[in-house]
Amino acid sequence: MAGVTTPSDTRVTLSEIMRGTEANLLGTVHGGHLMKAVDSIAGVVANRYAGGPAVTAAMDEMTFVTPVRVGDILHSTAQLNWAGRSSMEVGVRVEVDRWDSVTERVHVASAYLVMVAIDAEGRPATVPALELVTPEERRRFREAEIRREHRLARRAAIEASRENEAHA
């Protein structure tokens, strides 16, 4: 997409009121609903940056900080942290405005997702290079590279373990 070249350009926020249909047995919002919101906004960011379809390859990490209550206004904010040849890391921060008080927004969850741009045949498609401008963008990019290195090292270690077991 023309003009979407920096992480700041990719930032998107989606908001929704949490209703009783999202509640779990404890009366708070089900974690799966938050995961769906996180995946949806990450998809919007990745699709916009790639200029076409992108799919979720992995949820690298999701941390739940505090419960979300029915009636809270959920705000999910996401932006691209890193871009490779066809894969991208999107960071998502989820906050709420409490329905029953006027306070600062409450941080309730964070996540990192790996998205892959795809072409019309469903094969990986090339994405543009990410232009890093601010110190925060460079920091987020470096941290995304660390997470990527850990994912790749973990995958290699598991494959090596399986190979060793097969030959034992």
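Since the structure is predicted, the reported quantities are computational estimates derived from the model, not experimental observations.

Novice: Where do I start with the pattern of salt bridges in this structure?
Specialist: Between side chains of opposite charge, a pair can form as their charged atoms come close. Applying the stated criterion across every chain, the model contains twelve salt bridges. Of the charged contacts, one joins Arg-98 and Asp-72 as a salt bridge, the two residues approaching to 2.4 Å between their closest N and O atoms. With a gap of 26 residues between them, Arg-98 in the loop between strand 4 (87–97) and strand 5 (106–117) and Asp-72 in the loop between strand 2 (54–64) and strand 3 (73–83) connect regions that are remote in the sequence. A salt bridge links Arg-105 to Asp-97, with the shortest nitrogen-to-oxygen separation between them at 3.3 Å. According to the relative accessible area criterion, Asp-97 is partly exposed, its value standing at 22%. Each member of the salt-bridge network shares a partner with another, and the members are Arg-69, Asp-72, Arg-98 and Asp-100.

Novice: Would you mind going over the sheet that holds strand 4 with me for this structure?
Specialist: Whenever strands of a sheet pair, they do so through backbone hydrogen bonds, lying parallel or antiparallel. The strand order across the open sheet formed by five strands is 1-3-4-5-2, and the pairing between neighbours is antiparallel. Of all the strands in the sheet, just strand 1 (12–17) and strand 2 have a single pairing partner and so form its edges. This sheet shows a mean twist of 25° between the axes of neighbouring strands, independent of strand direction. Looking at chain direction, strand 4 and strand 5 are connected through ten bridges and run antiparallel. Its bridge partner lying in strand 5, Arg-93 is registered against Ser-110.

Rules used in this analysis
Residues numbered from 1 in each chain as written. Predicted model: local features only at pLDDT ≥ 70, side-chain atom pairs only at ≥ 80, totals over all residues. Heavy atoms only, no water. Salt bridge = Lys/Arg side-chain N within 4 Å of Asp/Glu carboxyl O. Helix = DSSP H or I, 4+ residues; strand = E, 2+ residues; numbered from the N terminus. Buried < 20%, exposed > 50% of the residue type's maximum accessible area, 1.4 Å probe, protein only. Pairing = 2+ DSSP bridges. Axes fitted to C-alpha atoms, helices over the stretch in contact; angles between N-to-C directions.

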